[in-house]
Number of protein chains: 2
Amino acid sequence: MFGPYHGRMNTPASALLLVNQRAYKMPAQPTVVVCVDGCEPDYLAQAVAAGRMPWLQRTLADGVALRADCALPSFTNPNNLSIVTGVPPEVHGISGNYFLDRTSGQAVMMNDPQWLRCPTLLAEASRAGLVVAVVTAKDKLRTLLGHGLQGICFSAECADAARLATHGIADVLDLVGRPLPSVYSAELSEFVFAAGVRLMQTRRPDLMYLSTTDYVQHKHAPGTPQANDFYAMLDGYMAQLEALGCVIALTADHGMHAKTRMDGTPQVIYLTDWLHDFLQRDDARVILPITDPYVVHHGALGSFATLYLPADVSANAVCEALRQEPGIDSALPRDLAAGTLQLPADRIGDVVVLADRFTVLGTTPAAHDLSGLDAPLRSHGGRGEQTVPLIVNRPAPLLDRKRRWRNFDVFDVALNYAQ
Amino acid sequence: MFGPYHGRMNTPASALLLVNQRAYKMPAQPTVVVCVDGCEPDYLAQAVAAGRMPWLQRTLADGVALRADCALPSFTNPNNLSIVTGVPPEVHGISGNYFLDRTSGQAVMMNDPQWLRCPTLLAEASRAGLVVAVVTAKDKLRTLLGHGLQGICFSAECADAARLATHGIADVLDLVGRPLPSVYSAELSEFVFAAGVRLMQTRRPDLMYLSTTDYVQHKHAPGTPQANDFYAMLDGYMAQLEALGCVIALTADHGMHAKTRMDGTPQVIYLTDWLHDFLQRDDARVILPITDPYVVHHGALGSFATLYLPADVSANAVCEALRQEPGIDSALPRDLAAGTLQLPADRIGDVVVLADRFTVLGTTPAAHDLSGLDAPLRSHGGRGEQTVPLIVNRPAPLLDRKRRWRNFDVFDVALNYAQ
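About the cut-offs
Residues numbered from 1 in each chain as written. Chains lettered and ligands numbered in written order. Predicted model: local features only at pLDDT ≥ 70, side-chain atom pairs only at ≥ 80, totals over all residues. Heavy atoms only, no water. Helix = DSSP H or I, 4+ residues; strand = E, 2+ residues; numbered from the N terminus. Rg over C-alpha atoms; globule rule 2.2 N^0.38 Å. Buried < 20%, exposed > 50% of the residue type's maximum accessible area, 1.4 Å probe, protein only. Lys, Arg positive; Asp, Glu negative; His and termini not counted. Charge placed at Lys NZ, Arg CZ, Asp CG, Glu CD. Contact = heavy atoms within 4.5 Å. Buried area = accessible area lost by both parts, 1.4 Å probe. Salt bridge = Lys/Arg side-chain N within 4 Å of Asp/Glu carboxyl O. Pairing = 2+ DSSP bridges. Axes fitted to C-alpha atoms, helices over the stretch in contact; angles between N-to-C directions. 1 Å grid on protein atoms, 1.4 Å probe; cavity = no way out; pocket = protein on both sides within 12 Å on 5 of 7 lines; lining within 4 Å. Points joined across faces, edges and corners; volume = space filled by probe spheres on them. Nonpolar A, V, L, I, M, F, W, Y, C, P; charged D, E, K, R; others polar. Polar contact = N/O pair within 3.5 Å; in protein donor to acceptor, adjacent residues only side chain to side chain. Least-squares fit on C-alpha atoms with pLDDT ≥ 70 in both. Domains from an automatic or database assignment. Parallel < 35°, antiparallel > 145°, perpendicular 65-115°, else oblique. Left-handed = near helix turned anticlockwise from the far one by under 90°. Core = buried A, V, L, I, M, F, W, Y, C linked by side-chain atoms within 4.5 Å.

## Overview of the overall build of chain A
Move 1: Helices and strands together make up the secondary structure of chain A, namely 15 helices and 20 strands.
Move 2: Relative to the 2.2 N^0.38 estimate, which gives 22 Å for 419 residues, the radius of gyration of chain A is 21 Å and therefore close to what a compact globule would have.
Move 3: In terms of overall dimensions, chain A has a C-alpha envelope of 65 × 50 × 45 Å along the principal axes.
Move 4: A burial count over chain A gives 63% of its 419 residues as buried.
Move 5: Between the averaged position of the 34 positive side-chain charges in chain A and that of its 42 negative side-chain charges there is a distance of 7 Å.

## Comments concerning the interface of chain A and chain B
Frequently, the measure chosen for interface size is the accessible area that the parts lose on association.
Move 1: With 33 residues of chain A at the contact, the number on the chain B side is 33 residues.
Move 2: The contact between chain A and chain B buries some 2500 Å² in all, and 57% of this surface belongs to carbon and sulfur atoms.
Move 3: Looking at the side of chain A facing chain B, the largest losses of area belong to Arg67(A), Met262(A) and Lys402(A), adding up to 31% of the total buried there.
Move 4: If you look at where chain A meets chain B, you find four salt bridges.

## Observations regarding the sheet that holds strand S20 (residues 387–392) of chain A
Residue and element names in this part refer to chain A.
Move 1: Reading across the sheet, the seven strands line up as S5-S20-S11-S4-S10-S8-S9 and stay open at both edges, with mixed pairing between neighbours. The sheet is open, and its two edges are formed by strand S5 (64–69) and strand S9 (152–155), each paired on a single side. If you compare each strand with its neighbour and ignore which way they point, the axes differ by 15 degrees on average.
Move 2: Both strand S8 (residues 132–136) and strand S10 (residues 207–211) contribute to a ladder of five bridges, which runs parallel. For Val134, the partnering residue across the bridge sits in S10 and is Tyr209.
Move 3: Here helix H3 (residues 76–85) sits on the sheet and contacts strand S4 (31–35), S10 and strand S11 (247–251); the angle it forms with S10, its principal contact strand, is near 170 degrees.
Move 4: In this fold helix H11 (residues 225–243) packs onto S4, S10 and S11, with an angle of close to 150 degrees to the strand it touches most, S11.

## Some details on the layout of surface pockets
Move 1: By volume, the largest pocket amounts to about 1700 Å³.
Move 2: Along the wall of the largest pocket there are 49 residues; nearest its centre are Gly327(A), Asp356(A), Phe358(A), Thr359(A) and Arg67(B).
Move 3: Broken down by secondary-structure element, the contributors of at least two residues to the lining of the largest pocket are strand S13 (268–270) and strand S16 (328–333) of chain A together with strand S5 (64–69) of chain B.
Move 4: A per-element tally of the lining of the largest pocket places S5(B) first, with five residues.
Move 5: Class assignment for the residues of the lining of the largest pocket results in 16 nonpolar, 13 polar and 20 charged.

## Here we look at the side chain of Ser82(B)
All names here are of chain B.
Move 1: Here Ser82 shows up in helix H3 (residues 76–85).
Move 2: A polar side-chain atom of Ser82 sits 2.9 Å from a polar atom in the side chain of His92.
Move 3: Not counting residues within four places of it along the chain, the set of residues in contact with Ser82 comprises Ala71, Val87, Pro88, Pro89, His92 and Phe408.

## A short note on the relation of the copies chain A and chain B
Move 1: Mapping chain A onto chain B is achieved by rotating through 180 degrees and translating by 0.0 Å along the same axis, at an RMSD of 0.0 Å. Such a combination of rotation and displacement between the chain copies is what one expects of a two-fold axis. Proximity to the rotation axis, assessed at the C-alpha, singles out Thr224(A) in chain A; its C-alpha lies 3.8 Å from the axis.
Move 2: A symmetric contact is evident, with 100% of the interface residues of chain A recurring at the interface of chain B.

## As for the sheet that holds strand S20 (residues 387–392) of chain B
Residues and elements named next belong to chain B.
Move 1: Read across the sheet, seven strands follow the order S5-S20-S11-S4-S10-S8-S9 without closing on themselves; strand pairing throughout is mixed. Only two strands of the sheet have a single neighbouring strand rather than two, namely S5 and strand S9 (152–155). Strand-to-strand, the axes of this sheet are offset by a mean angle of 15 degrees, without reference to chain direction.
Move 2: Two strands pair when backbone bridges link them, and strand S4 (residues 31–35) and strand S11 (residues 247–251) are joined in this way by five bridges, in the parallel orientation.

## A short note on the domain arrangement of chain A
Residues and elements named next belong to chain A.
Move 1: With domains assigned, chain A is organised as domain 1 (16–256 + 381–417) and domain 2 (268–379).
Move 2: Put simply, the middle of domain 1 and the middle of domain 2, counted by C-alpha atoms, are 27 Å apart.
Move 3: With 42 residues of domain 1 in contact, the opposing surface of domain 2 contributes 36 residues.
Move 4: Here domain 1 packs against domain 2, burying approximately 3400 Å² in sum over the two surfaces, 54% of which is carbon and sulfur.
Move 5: Our enumeration of links across domain 1 and domain 2 arrives at four salt bridges.
Move 6: The interface formed by domain 1 and domain 2 contains 17 residue pairs in polar contact (both at pLDDT 80 or more).
Move 7: The set of elements that each furnish at least two residues to the side of domain 1 that touches domain 2 consists of helix H4 (89–92), strand S6 (98–101), strand S7 (106–109) and helix H10 (215–219).

## Remarks on the side chain of Thr306(B)
Residue and element names in this part refer to chain B.
Move 1: Inspection of the secondary structure assignment puts Thr306 in strand S15 (residues 304–308).
Move 2: Judged by relative accessible area, which is 2%, Thr306 ranks as buried.
Move 3: Excluding anything up to four places from it in sequence, Thr306 contacts Arg285, Val286, Ile287, Pro289, Ile348, Gly349, Val351 and Val352.

## Here we look at the packing of helix H12 (residues 271–279) of chain B against helix H13 (residues 315–323) of chain B
Residues and elements named next belong to chain B.
Move 1: Where H12 meets H13, the axes come as close as 12 Å, and the angle between the chain directions of the two elements is 115 degrees. It follows that H12 is roughly perpendicular to H13 by the angle criterion. Crossing angle aside, the handedness with which H12 passes H13 is right-handed. Contacts from Leu271, Trp274, Leu275, Phe278 and Leu279 of H12 reach H13 at Ala317, Val318, Ala321 and Leu322.

## Some words on the pattern of salt bridges
Move 1: Across all of its chains, the model carries 38 salt bridges over all chains by this definition.
Move 2: The shortest N-O distance in the salt bridge between Glu325(A) and Lys402(B) comes to 2.5 Å. A residue pair is termed interchain when its members come from two chains, as with Glu325(A) in the loop between helix H13 (315–323) and S16 and Lys402(B) in the loop between S20 and helix H15 (410–417).
Move 3: On the basis of relative accessible area, Glu325(A) is assigned to the buried category, the value being 15%.
Move 4: Judged by relative accessible area, Lys402(B) falls into the partly exposed class, the value being 47%.

## A short note on the nonpolar core
Move 1: Counting residues in hydrophobic clusters, the biggest one holds 104 residues, and the most contacted among them are Phe154(B), Tyr209(B), Tyr231(B), Leu241(B) and Phe411(B).
Move 2: Here this core gets nine residues from one element, more than from any other, and that element is helix H9 (residues 186–202) of chain B.
Move 3: Beyond its immediate chain neighbours, meaning those up to four positions away, Tyr209(B) contacts Val33(B), Cys35(B), Asn80(B), Ile83(B), Val84(B), Leu122(B), Ala133(B), Val134(B), Val135(B), Leu145(B) and Phe411(B).
Move 4: Counting residues in each nonpolar core, the second largest holds 103 residues, with Leu121(A), Tyr308(A), Leu390(A) and Ile391(A) among its members.

## Side note on unusual backbone geometry
Move 1: Note the cis peptide between Leu72(A) and Pro73(A), where omega equals -5 degrees.
Move 2: Mapped onto the secondary structure, Pro73(A) falls in the loop between S5 and H3.
Move 3: One non-glycine residue, Arg204(B), lies in positive phi territory at about 45 degrees.
Move 4: Mapped onto the elements of the fold, Arg204(B) is located in the loop between H9 and strand S10 (207–211).

This is the structure we're talking about:
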């Protein structure tokens, strides 16, 4: 699908960066793309209405203010990779944190670049001679986002481990002037923004990608004091980047919804148990691609799952039965799921299951430690969390406001349309 | 569609009430159906999780705890009438507050019983000899809900105007022991509950219907202190009714969502202006069936509209163009809308328009007074606000939990399934 050449086209009239069959103009000013993890658009609306985001209020009036659809599953890794490649998971291959290797029967973690099927725009820009910097909240994303990148790439989580040879930078804590944050904190995201501002002040990268964590969004609804405090903090850093002359484009990996029964407890469909009851056998496997080493704030419960069925079990029969279950948004056999949801057919199971806006999917009750949940569950993964902001602090009069924008169009909008 | 006989079937074995082709058992205990206006299920989840609804927490554990779909449009009058008739607007005829009389060109208000096309369960129960009481928050619903009723029927708004001859009761303020509430207040709904408890203590009706107002829900999101206070108040009255031996069934007319741009201002598609631009003429009419005399809290902005087009304009062409607009969930020509959304074809226009969960529909900016909005707009009317609670304080082991329940099944569940 991809030609042999990626990178800068040095034509006299215009220098274009060609990545994954998309063309990008070279940045005229430093361009910062921010992925605000879990940023359901209502977080912004409530914080602006409360007077907590003066930068954003000006930006929405003067710049680009679109809602866009994220890639499915509405999870962090697939969407961060879509944003930095400009293509859906069908092309880049990262369909979640895990898939099942049928040969070995092992769940395989996809946070290693070997699973990435195309170059990132960040890597290609660095190969074309641009100064590129990436700061991510959690270290799990760093190796994927930094793949092939000749530049700066580190996580807030392991900021103290950044070395020149491996991360393109050292002494990050000194640079940022903040202590190493806890992985479960609002400060982890604040560290990303603070680092971005210090990098822009000291290195002035041509392209910078900042990616936060949704610790706050998993716990606090739009308009709550804690959410508004987070977005006020974000707003202040964006204003600093703007004062430094940056084009800023802001989007999100996914939205966020309360996922509870009416009694406030998590609304879970346990699919391993369901399959046991339906099939009367135990050799089907459930993969929850939200699962990762950091599950305290959501207990590995999201609204997307994929099922690996024994060869003699009909995927259509399983789908049909699942669709009768209250809380199931859709259940699709592999090819239909791959085709309609833009997923890589070889990294999903025989069935893809999406839960509705109230519901999450689990394996068995014993496999989910919910003891860390100190507030009603909020999570994501399905279509209900697909709408995200797509905001740029520059006008873009040539933009077609009626087309379906995707969060992975954000570099296109920032580099090709922003004026 | 309806046979000549409605009412009690006095058979020796079982007394059944037949209304609109549905059969209901006679209440063995006093049965109270509560319609909590604008009760998005998350209001309950957050209030229970905050420890503010001990009655509901017990009830959800021991009784019926379903989510159900309301009728469309997800507005107050169509759904209150669906609940008390057991049928969708297609049958009872009340498709909103207004429709357009094409002959006169006038918008006709549908709050008069002449527009109601079938009897209510409340009226038929009273004809069958049951003691029936209805308390509604706003007076606009009273005449519709009370149509044909031989019993008590009054509104909190005009509680001081209740007379024995016309309302089946007098001296309501003395009975309730509370002052006449403001029409824009949480107290208007509290008066409904307080009156319900006093009626149960003093008259012990066989059937009671209580219907509140969504003043709080239009202003305050789930989990906010104001919302939790409202639901704590509700919980206390439900506990009192339960202590009086009542079967209590709780549902809602519709949900509620924030309907704002990312800057916190209302996200409105002005359809009169849109039709002017698209058709280049001004003889199409937009009817917003949410419009009523009480619009301070939503400015007559909801997510449902119906368009009356000149005879030479293609409804399909208008629908196709509308579907391209960001924020439009669906645009359907009359027959398709009537058939799929269960609407009365002669009380909708040539096109039915539904907006998405972020968006409301208006006519022109000048026609909507938004000066009363002191918080980011929250509203309803579309499919995004269709999910509502269906809760009963009794177990119902024979209930099929997998079927699609509707809010207008609430009397069926309460009378036929609750044990």
